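The chain contents come next:
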Amino acid sequence: MKQIINSLLFLITIYTYANEPLLQNSYLRNGQSLNGRWHYIVDVYETGYYNYRMEPHDGTENPGSSAYFLNKKPKNKMDRVEYDFDATPTMVVPGDWNSQKEKLFYYEGTVWYKKSFNVENYDANKRYYVHFGAVNYRADVYLNGKKLGVHVGGFTPFNFEMTHLLKEKGNFLIIKVDNKRAADEVPTLSTDWWNYGGITRDVTVYELDQMFIEDYKIQLTKNNNKEVSGYIQLNGKNKGAQKVNLTIPELKINKTFTTDVNGFVQVKFPVKRVKYWSDTNPKLYEVNIAIAKDKVTDKIGLRTIETKGKAILLNGEKIFLKGISIHEENVMRGGRAWSIEDAKVLLGWAKELGCNYVRLAHYPHNENMIRVAEQMGILVWEEIPVYWTIQWTNSETYKKAETQLTELISRDKNRACSIIWSMANETPTSKERLTFLTNLATTARKLDDTRLISAALEDHGKKENKNIMIVEDEFAKVVDVLSFNQYYGWYGGKIDNIKNIRWNIDIDKPVIISEFGAGALQGYYADKMTRWSEEFQELLYEETLPTLVKISGISGITPWTLVDFRSPRRTLIPYQDGWNRKGLISETGNKKKAFYTLQKFYKDIN
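Computed from a predicted structure; not experimentally measured. (Residues numbered from 1 in each chain as written. Predicted model: local features only at pLDDT ≥ 70, side-chain atom pairs only at ≥ 80, totals over all residues. Heavy atoms only, no water.)

**Structural notes on the UniProt feature "domain: Glycoside hydrolase family 2 catalytic" (unreviewed entry) in the protein chain**
Thinking step 1. The positions that UniProt labels "domain: Glycoside hydrolase family 2 catalytic" (unreviewed entry) are, in the present scheme, residues 306-544.
Thinking step 2. In this annotation, residues 306-544 is assigned 29% helix and 23% strand; the end-to-end C-alpha distance for the span is 28 Å. (UniProt positions renumbered as here; feature names shortened; annotations may be inferred. Helix = DSSP H or I, 4+ residues; strand = E, 2+ residues; numbered from the N terminus.)

So, in structure tokens, the structure goes:
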């Protein structure tokens, strides 16, 4: 009976700690960083979370001293406490444990993190939140021995209010991080990238007033480039009937709105003489939103993105998306990328390649990538990790996917560079999968109707003529942009037959080739018909690119991929050795021959 009661308490605990609304534009708010060295404990058997009966400590009223989140210290020399965070080693946050600690290179499981801190300029009349850029994959968050909440999903931000538990001095934040893969998660068990575990993005404490600006959306109205619309949401008591001031000084906009009883107000107003954000003119306007004791300033670009027949229109003009796919890795340091410097390196290479567009695969990348892309005039495809085969009929799996999509859109809905929400990558067709993805697309459109919907689908040859490639997928009817991955000459087909391949696309929508490519070990030179050589990769690009531009409605390509990235699936020595080698740049930052082939192609199609 006791075990049943504890299990019920545990379920109640999980329900109670639902995710809190995401603070919009925490990126530009002033906060106290908790980045730096954190103590950690590797907990293979999850001893700090469960007792020996596998009952969770935080599901009981009086958790035992072996509960790591209590940060217990012996009261005397006979007191038994079998852990001590302050005696443990440290690692850097943000960062993944795989690349920092050799013994944890392949580790998948639980690691506990602990950070002690004082609050700078503490004010008991303020409200305090702790914000995480991302933790992979599940995070159980505790402050001063009490649970703040749980977040599931390895690539999206989350935050919890901690006002009720915070002290001026002597606080300790403890995070149980679990990156174990599971069949019912998103992504699922099988992927083609490294499962980096840890607190992989910034951790920040925000001091806010009793009432503050929690969320807002400021974008051009769909189908009307002379009008701005959106909303503002306040958080706090008595948030109804509050005056909210919105200014865009450069456009001479100064508007005042009044919130409803829920602290919400829709905004809409005309704009004149707008300089629209584009890849050639990444114009950002200062937008100020203020209430009596809170003010948020953002840099927002105004632009339209739409489709017309088989064309993608940016600000009403047809655009060809010269792109590249990117994984979130720092090639020089190794491990998960997270910093502004990381973003500038990766996107700088994309610019050098001639790109005006990138596909951030296969999960939401850190916000630095989006902000830097916006400043550089690079359009962005953003994706959630509904990847390969997941549990299409599992309602809980769907909720996890929808939550990640919602958190991504919540974070980036004001970013002009973000033009495509991708629902999935290379998922096998079925009725259940169609329902799953269609529901995701419906959610995305409800949350944000100003961007395009797509997914990386798959093609194949017709039975009667293998040289005619087709896309047979009911989800193609749902998307705004038809995108598909194709690897003719690498995973099938002969490279000398690429010139004979044609695509039969009878759907009146723009087409983006979301992937193509070949693996090559940088520095391995041979004749063009030797697999894994730079010459073979170069030849595949030379043969493939001319055929792709002949596709009816072709509006862009994102070859796979910018840089070699780690993958446990890739075991062939010496060519792979734990790396997916389809990058145009090696993990040491050296460019392969195909880099220059694609660079010339993009230059010639200007």
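Next comes the rest of the write-up.
**Brief notes about the state of the cysteines**
Thinking step 1. Going through the model one piece at a time under the given rule, you end up with zero disulfides.
Thinking step 2. Here Cys355 stays unpaired: no disulfide links it, and the sulfur of Cys417, its closest cysteine neighbor, is 14 Å away.
Thinking step 3. On the accessibility criterion, Cys417 (0% relative accessible area) is buried. (Disulfide = S-S within 2.5 Å. Buried < 20%, exposed > 50% of the residue type's maximum accessible area, 1.4 Å probe, protein only.)

**Thoughts on the domain arrangement of the protein chain**
Often, the extent of an interface is quoted as the loss of accessible area upon association of its parts.
Thinking step 1. Splitting the protein chain by domain gives domain 1 (26-208), domain 2 (211-303) and domain 3 (315-604).
Thinking step 2. Each of domain 1 and domain 2 has a C-alpha centre, and these two points are 35 Å apart.
Thinking step 3. On the side of domain 2, 10 residues touch domain 1, which itself brings five residues to the contact.
Thinking step 4. Regarding the contact of domain 1 and domain 2, the summed buried area is about 510 Å², with carbon and sulfur atoms giving 49% of it.
Thinking step 5. Taken as a group, Leu28, Arg29 and Arg127 account for 76% of the area that domain 1 buries against domain 2, more than any other trio of residues on that side. (Domains from an automatic or database assignment. Contact = heavy atoms within 4.5 Å. Buried area = accessible area lost by both parts, 1.4 Å probe.)

**Points about empty space enclosed by the protein**
Thinking step 1. Tallying each qualifying case throughout the model produces one cavity of 30 Å³ or more.
Thinking step 2. Considering only enclosed or pocket space, the largest cavity measures out at about 30 Å³ in volume.
Thinking step 3. Taken together, Ile326, His327, Glu329, Val331, Leu346, Val563, Asp564 and Phe565 form the lining of the largest cavity.
Thinking step 4. Considering only residue class, the lining of the largest cavity consists of five nonpolar, one polar and two charged. (1 Å grid on protein atoms, 1.4 Å probe; cavity = no way out; pocket = protein on both sides within 12 Å on 5 of 7 lines; lining within 4 Å. Points joined across faces, edges and corners; volume = space filled by probe spheres on them. Nonpolar A, V, L, I, M, F, W, Y, C, P; charged D, E, K, R; others polar.)

**Observations regarding the packing of helix α7 (residues 534-548) against helix α8 (residues 593-604)**
Thinking step 1. Close contact between α7 and α8 brings their axes to 8 Å; oriented N to C, the two are set at 20°. Considering their axes alone, α7 and α8 lie roughly parallel with respect to each other. Like other packed secondary-structure pairs, α7 and α8 cross with a definite hand, here right-handed. On α8, the residues that touch Glu534, Glu535, Gln537, Glu538, Tyr541, Glu542 and Leu545 of α7 are Lys593, Ala594, Thr597, Leu598 and Phe601.
Thinking step 2. Residue classes in the contact of α7 with α8 are distributed as five nonpolar, two polar and five charged. (Axes fitted to C-alpha atoms, helices over the stretch in contact; angles between N-to-C directions. Parallel < 35°, antiparallel > 145°, perpendicular 65-115°, else oblique. Left-handed = near helix turned anticlockwise from the far one by under 90°.)

**Some thoughts on the packing of helix α5 (residues 395-412) against helix α6 (residues 431-447)**
Thinking step 1. For the pair α5 and α6, interaxial distance at closest approach is 10 Å and the crossing angle is 30°. Of the possible angle classes, the one that applies to α5 and α6 is roughly parallel. Handedness of the α5/α6 crossing: right-handed. The segment α5 lies against α6, with Thr397, Tyr398, Ala401, Glu402, Leu405, Thr406 and Ile409 engaging Phe436, Asn439, Leu440, Thr443, Ala444 and Leu447.
Thinking step 2. Grouping the constituent residues of the contact of α5 with α6 by class yields eight nonpolar, four polar and one charged.

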